[in-house]
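Here are the chains, one letter per residue:
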Amino acid sequence: MRIVLMGPPGAGKGTQAVKIADSLGVPHISTGEIFRANLAAGTPLGLEAKRYMEAGEYVPDEVTNSMVASRLAEADAANGFILDGYPRTLAQVGELDGILSSLGTQLDKVIEITADTDEVVARLLNRAQEQGRADDTEEVIRRRMDVYAEQTEPLVAVYSEKGLLVKVDGMGTMDEVTKRLLATLES
Ligand code: AMP
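1. Quick notes on the site of the ligand
Here comes step 1: Around the ligand, the surrounding shell holds 17 residues, and the nearest of these are Thr31, Arg36, Glu57, Gly85 and Arg88.
Here comes step 2: Separating an oxygen atom of the ligand from a side-chain N or O atom of Arg36 is a distance of 2.9 Å.
Here comes step 3: Here Gln92 contributes a side-chain N or O atom positioned 2.9 Å from a nitrogen atom of the ligand.
Here comes step 4: Relative to its unbound accessible area of 480 Å², the ligand is 96% covered by the protein chains.
Here comes step 5: Ranked by residues supplied to the shell around the ligand, first place goes to helix α2 (residues 31-41) with 4 residues.

2. Regarding the packing of helix α6 (residues 117-131) against helix α7 (residues 138-152)
Here comes step 1: It is the contact of α6 with α7, at a shortest axis distance of 10 Å, that shows an interaxial angle of 140 degrees. If you check the angle between α6 and α7, you find them oblique. The handedness of the crossing between α6 and α7 comes out as right-handed. Residue-level contacts link Thr117, Val120, Val121, Leu124, Leu125 and Arg127 of α6 to Glu138, Ile141, Arg142, Arg144 and Met145 of α7.
Here comes step 2: Considering only residue class, the contact of α6 with α7 consists of 6 nonpolar, 1 polar and 4 charged.

3. A word on the sheet that holds strand β1 (residues 2-6)
Here comes step 1: Pairing is parallel in the open sheet, where 5 strands are placed in the order β2-β3-β1-β4-β5. A strand with exactly one partner marks an edge of an open sheet, and here the two such strands are β2 (28-30) and β5 (165-169). Here the average twist between neighbouring strands, direction ignored, is 25 degrees.
Here comes step 2: Pairing geometry for β1 and strand β3 (residues 81-84), over 4 bridges, is parallel. Its bridge partner lying in β3, Arg2 is registered against Phe81.
Here comes step 3: Contacts between helix α8 (residues 154-161) and the sheet are confined to β1, β4 (109-114) and β5, with β5 contributing the most and set at about 125 degrees to the helix.

4. As for the packing of helix α4 (residues 61-72) against helix α5 (residues 90-102)
Here comes step 1: Running from N to C, α4 and α5 cross one another at 25 degrees; their axes reach a closest spacing of 10 Å. With respect to α5, the element α4 is oriented roughly parallel. In terms of crossing hand, the pair formed by α4 and α5 is right-handed. Contacts between α4 and α5 involve Asp61, Thr64, Asn65, Val68, Ala69 and Leu72 from the former and Ala91, Gln92, Glu95, Leu96, Ile99 and Leu100 from the latter.
Here comes step 2: Considering only residue class, the contact of α4 with α5 consists of 7 nonpolar, 3 polar and 2 charged.

5. As for the pattern of salt bridges
Opposite charge on two side chains allows them to pair when their charged atoms are near.
Here comes step 1: Following the criterion strictly, the structure yields 11 salt bridges and no others.
Here comes step 2: The closest approach of N and O atoms between Arg71 and Glu74, which form a salt bridge, is 3.4 Å.
Here comes step 3: On the accessibility criterion, Arg71 (17% relative accessible area) is buried.
Here comes step 4: The partly exposed category is assigned to Glu74, whose relative accessible area is 42%.
Here comes step 5: With a shortest N-O distance of 3.9 Å, Asp169 and Arg180 are connected by a salt bridge. A residue pair is termed long-range when its members are at least 10 positions apart, and Asp169 in strand β5 and Arg180 in helix α9 (residues 174-186) qualify at 11 residues.
Here comes step 6: Accessibility expressed as a relative area gives 39% for Asp169, which makes it partly exposed.
Here comes step 7: Overall, Arg180 belongs to the partly exposed group, its relative accessible area being 29%.
Here comes step 8: One salt-bridge network, in which partners are shared between bridges, spans Arg71, Glu74 and Asp76.

Conventions we followed
Residues numbered from 1 in each chain as written. Predicted model: local features only at pLDDT ≥ 70, side-chain atom pairs only at ≥ 80, totals over all residues. Heavy atoms only, no water. Near = heavy atom within 4 Å. Polar contact = N/O pair within 3.5 Å; in protein donor to acceptor, adjacent residues only side chain to side chain. Areas by Shrake-Rupley, 256 points an atom, 1.4 Å probe, with all protein chains shown as cover. Helix = DSSP H or I, 4+ residues; strand = E, 2+ residues; numbered from the N terminus. Axes fitted to C-alpha atoms, helices over the stretch in contact; angles between N-to-C directions. Parallel < 35°, antiparallel > 145°, perpendicular 65-115°, else oblique. Left-handed = near helix turned anticlockwise from the far one by under 90°. Contact = heavy atoms within 4.5 Å. Nonpolar A, V, L, I, M, F, W, Y, C, P; charged D, E, K, R; others polar. Pairing = 2+ DSSP bridges. Salt bridge = Lys/Arg side-chain N within 4 Å of Asp/Glu carboxyl O. Buried < 20%, exposed > 50% of the residue type's maximum accessible area, 1.4 Å probe, protein only.

Structural data, given as structure tokens:
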């Protein structure tokens, strides 16, 4: 199964991605997590990504694309993956198609976890208090929501036209959402 998981910041995408990756036995590949790990380790990639992440902006496509291309070429991704947080721009959609076709494969499904804006802002502020993520101040959260609406929301229509899109309601408890996702994957 080669799956892309989409959804606005705070929709519970990361948590759900880990659960469905576990249950399918495929790696969970989160571009946000790779950037955060690089930032924590002080690598050149981390330094490059830092200012964008702290402002709630997207890291430039060239940087993100080459990182994803090398991650998807690793052996553990050969039989499937859950891609979380990529693609996020139209240019990244084209790039992902190219990466996968050069690996002789393609996506099976794109799942959009839908969520209510007020609810997700509340969730993110809560997470900011609990985890202290640098990109979780209220101002940055609002910017991230805007950037999602402007740059990533249009991808939903693109994947819908390709016949790959499935929408899953992200409201309710974590377990309820996981059940919906697994049901979608089995159908
Ligand atoms: P996430 O954990 O997926 O919300 O990602 C955290 C941050 O990492 C985002 O706000 C962006 O700054 C950056 N990032 C993650 N994935 C991408 C991507 N596909 N394109 C550009 N920037 C990204």
